[in-house]
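If you want the building blocks of each chain, they are given just below.
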Amino acid sequence: MSSGSRQLRLMLKGAFDGPSMKAPKKLPKTPTLQAEATLRTIADGLADRVEYVRRVLGQMTGFGGEVQVRIGVRSNPKYPDYIVEMLFFEDDDPDHPAGSAIMNIYNGRTHQYYDFDDDGLDASRNWSTVGMTFSEVQALIGELRYTA
């Protein structure tokens with residue numbers, strides 16, 4: 001994790017509700033989900049898809065900017081862990097993110113944030129390569145509720 005994203009997370013840590021959890025000591029050695037998994041592509045395999053996506057959307061609120069969520073590809077496919085990241089844009093290209101910073105990593109079963117001082121949990125190999133923005137997750141939960 002870069003020192004800038006760690007500092008940003010520490011500044012905002014007081015804004016997170018609820019207790020943190022210790023990060024898992026071991027993650028599966030091989031991915032349990034596809035590298036490009038998103039909430040949309042895994043929704044049918046979730047234990048309670050509407051509730052899970054609703055809770056993810058709730059964890060994406062309150063950051064004061066555009067955020068995205070990516071799925072933990074080395075976690076339980078029925079309740080995958082997820083990472084919420086703040087997106088940053090260049091003034092000359094406001095439609096394409098220039099970068100991101102980790103805001104929090106959440107346990108997929110409890111939706112509590114992990115205490116991720118260990119840099120292993122935020123390693124890029126643990127997370128899907130494709131994210132979904134807040135508005136995309138909002139649209140997905142509307143579709144899931146309509147079809148439930």
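Preceding block: the structure.
Parameters and conventions
- Residues numbered from 1 in each chain as written.
- Predicted model: local features only at pLDDT ≥ 70, side-chain atom pairs only at ≥ 80, totals over all residues.
- Heavy atoms only, no water.
- Pairing = 2+ DSSP bridges.
- Helix = DSSP H or I, 4+ residues; strand = E, 2+ residues; numbered from the N terminus.
- Contact = heavy atoms within 4.5 Å.
- Axes fitted to C-alpha atoms, helices over the stretch in contact; angles between N-to-C directions.
- Salt bridge = Lys/Arg side-chain N within 4 Å of Asp/Glu carboxyl O.
- Buried < 20%, exposed > 50% of the residue type's maximum accessible area, 1.4 Å probe, protein only.
- Phe/Tyr/Trp six-rings, centres within 6.5 Å; stacked < 30°, edge-to-face > 60°.

Caption draft 1: Structural view of the sheet that holds strand β3 (residues 82-90). Taken together, 4 strands build an open sheet; the order of strands is β4-β3-β2-β6 and the sheet is antiparallel. Of all strands in the sheet, those with a lone pairing partner are β4 (93-106) and β6 (132-133), marking the two edges. Against the sheet, helix α3 (residues 49-59) touches β2 (67-71), β3 and β4, its axis set at about 45° to β3.

Caption draft 2: Representation of the pairing of β4 within the structure. Where β3 lies against β4, 9 bridges are found, and the strand directions are antiparallel. Paired with Glu85 across the bridge in β4 is Ile102. Taking the residues between adjacent antiparallel strands as the criterion, β3 and β4 are bridged by 2 residues.

Caption draft 3: Representation of the pattern of salt bridges. The full count for this structure, using the stated rule, is 4 salt bridges. For Arg40, the salt bridge goes to Glu143, with nearest N and O atoms at 2.7 Å. Of this pair, Arg40 sits in helix α2 (residues 39-42) while Glu143 sits in helix α4 (residues 134-147), and the two are 103 residues apart along the sequence. Glu143 gets classed as partly exposed once you look at its relative accessible area, which sits at 39%. Linking Arg70 and Glu85 is a salt bridge whose minimum nitrogen-to-oxygen distance equals 2.8 Å. You can see Arg70 sitting in strand β2 and its partner Glu85 sitting in strand β3, a full 15 residues away along the chain. The same class applies to Arg70 and to Glu85, which are both buried.

Caption draft 4: Seen up close, the packing of aromatic side chains. All told, the structure shown has 2 aromatic pairs when counted by the stated rule. Summarising the aromatic geometry, the rings of Tyr52 and Tyr82 are spaced 6.0 Å apart at their centres and angled 80° between planes, so their arrangement reads as edge-to-face. With Tyr52 in helix α3 and Tyr82 in strand β3, the pair connects residues that are 30 residues apart, well separated along the chain. Each member of the pair Tyr52 and Tyr82 is classed as buried. The interplanar angle of 20° and the centroid separation of 5.1 Å between the aromatic rings of Tyr82 and Tyr106 together place this pair among those described as stacked. Here the residue Tyr82 occupies a position in strand β3, and Tyr106 occupies one in strand β4, the gap between them amounting to 24 residues.

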